[in-house]
Structure formats: C-alpha cells, structure tokens
Amino acid sequence: MLVDNEQILEALWETIYMTGASFLFSLVIGFPLGILLVVTRKGHLLANEPVSKVLNIIINIFRSVPFIILMVAIIPITRLIVGTSIGTAAAIVPLVFYAGPYIARLIENSLLEVDHGVIEAAQAMGASPFQIIFRFLIPEALSSLVLALTIAIVGLIGASAMAGAIGGGGLGDLAITYGYQRFDTLVMVITVAILVILVQGVQSGGNLLSRRVRRR
C-alpha cells in the first residue's frame, strides 16, 4: 500500500471537516429558503406567487447542475471567497452551492407533510405567521426534518468525495491520487469502506434521533 495510516486519518478528517462546515453553511441558506418555499405558496401563510416562482426557478437551476460541473463553473467565485480553487477550504464553497438548494427542497417537503388543520387551528387561536412557523409548523415536522437533514449530510459525504477530482482533499482525493492513478486497489477499497461506514453511522444516528423526536 502506497499510503500510511496517518495519510488516511488526515484524509478522513478533511472529509469530516468539509462535510460538517458545508452542512452548517448550507443549513443557514437552505433552512430559511425551504420555509419561504412553503409559506409563499398559493393559499399558504404568506402567499406570494411571484416570490414563490422566482425561488423555485433559482433553486431548480442550481439543482439541475451536476456537482462536478458546478465545482468547475464557480471556480472564479471560489477564488474570490477563499483565495484559491484547490484544497479543502476551496471545496466547501461549491459544496454549499450544491447543498443549499437541496436542503431547501428537503425542508419544503418536510413542512408540506404537516396537516393543514394544524395551521388553521393556530390561526384560529390568533397566532401570527411567525408564531405559526416556529411554534406549530416546525415542531410538527421535526421528526421528518431530522431525516431530511440526515439525507443532506449523506449527500454531502458523497459530494465531498467527488471534490477530490479537482484537488479538494479528503478521502476522494486519496482514492483518486493513490487508488486510481497509481493503481493501488487496497487504498481504493479502504477509502470506499470508510465512506460506507461514515454513511451508515450518519444514517443510523439520524434514524435514532428521528424516532426519539417522534416519541416526544
């Protein structure tokens, strides 16, 4: 094997760092967007068809671009923000552009699962739109939101591996540099196994947390 344990651990840390940082930034963008997608729909709390249409178009544009193409397309923006287009920090920028709209859609779908009767009951009690969103809508959808965000994290783990194709670091970079380009099958198997364990761990944790939230 052409790599040692230290290189594997470093690549694992880079993957966790990329996934965690990009998830937090994406959540800051995607969560409010997801709420806006729901409440501006026709017949909802803050119905505004023009805003709803514009948001849907913007999100659909970003979601229709494959991640590997998106990474290359926004290299100038990445350089503007972090000063370089190579490395772990640089990979976070396209990951956020990729995951932000994705999380917005996931949030939208989870919130739309809430029975409209809950909203009507809240309105009957005189609750404001802000109170309805944060005291009724989100708490009712919390279990589904946890599962949705778990899916987002799993997607980011896969995307962070693809970032290795342009020198983004992490397990993907290790697999491409040593496993593929230097024909080291063992490195490829190890990186795939670590990614599988990461995904299984995140998914299992998300499922457990969702069940606990549902019981409450």
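This one's a predicted model, so the numbers in the text were calculated from it and none came from an experiment. (Residues numbered from 1 in each chain as written. Predicted model: local features only at pLDDT ≥ 70, side-chain atom pairs only at ≥ 80, totals over all residues. Heavy atoms only, no water.)

A. Focus on the packing of helix 1 (residues 5–39) against helix 5 (residues 88–112). Put simply, helix 1 and helix 5 touch, their axes get as near as 6 Å, and they point 40° apart. One element, helix 1, and the other, helix 5, form an angle in the oblique class. Relative to helix 5, helix 1 is oriented so that their crossing is right-handed. Tallied by class, residues from the contact of helix 1 with helix 5 come to 22 nonpolar, six polar and three charged. (Axes fitted to C-alpha atoms, helices over the stretch in contact; angles between N-to-C directions. Helix = DSSP H or I, 4+ residues; strand = E, 2+ residues; numbered from the N terminus. Parallel < 35°, antiparallel > 145°, perpendicular 65-115°, else oblique. Left-handed = near helix turned anticlockwise from the far one by under 90°. Nonpolar A, V, L, I, M, F, W, Y, C, P; charged D, E, K, R; others polar.)

B. Fine view of the UniProt feature "transmembrane region" (unreviewed entry) in the chain. Sequence positions flagged by UniProt for "transmembrane region" (unreviewed entry) are, in local numbering, residues 16–39, 51–74, 80–100, 145–166 and 186–209. Split by type, residues 51–74 is 88% helix and 0% strand. Its first and last C-alpha atoms lie 25 Å apart. Taken end to end, residues 186–209 has its terminal C-alpha atoms 35 Å apart, with 100% of it in helix and 0% in strand. (UniProt positions renumbered as here; feature names shortened; annotations may be inferred.)

C. Representation of the pattern of salt bridges within the structure. Within this structure, the stated rule accounts for three salt bridges. Here Glu108 ties to Arg41 by a salt bridge, and the two come within 3.3 Å at their closest N and O atoms. Of this pair, Glu108 sits in helix 5 while Arg41 sits in the loop between helix 1 and helix 2 (49–64), and the two are 67 residues apart along the sequence. As a salt-bridge pair, Glu49 and Lys53 come within 3.5 Å of each other at their nearest N and O atoms. Placement of the pair is Glu49 and Lys53 together in helix 2, with a separation of four residues, close to one helical turn. Exposure remark for Glu49: the relative accessible area of 47% places this residue in the partly exposed category. Through salt bridges with shared partners, one network takes in Arg41, Arg105 and Glu108. (Salt bridge = Lys/Arg side-chain N within 4 Å of Asp/Glu carboxyl O. Buried < 20%, exposed > 50% of the residue type's maximum accessible area, 1.4 Å probe, protein only.)

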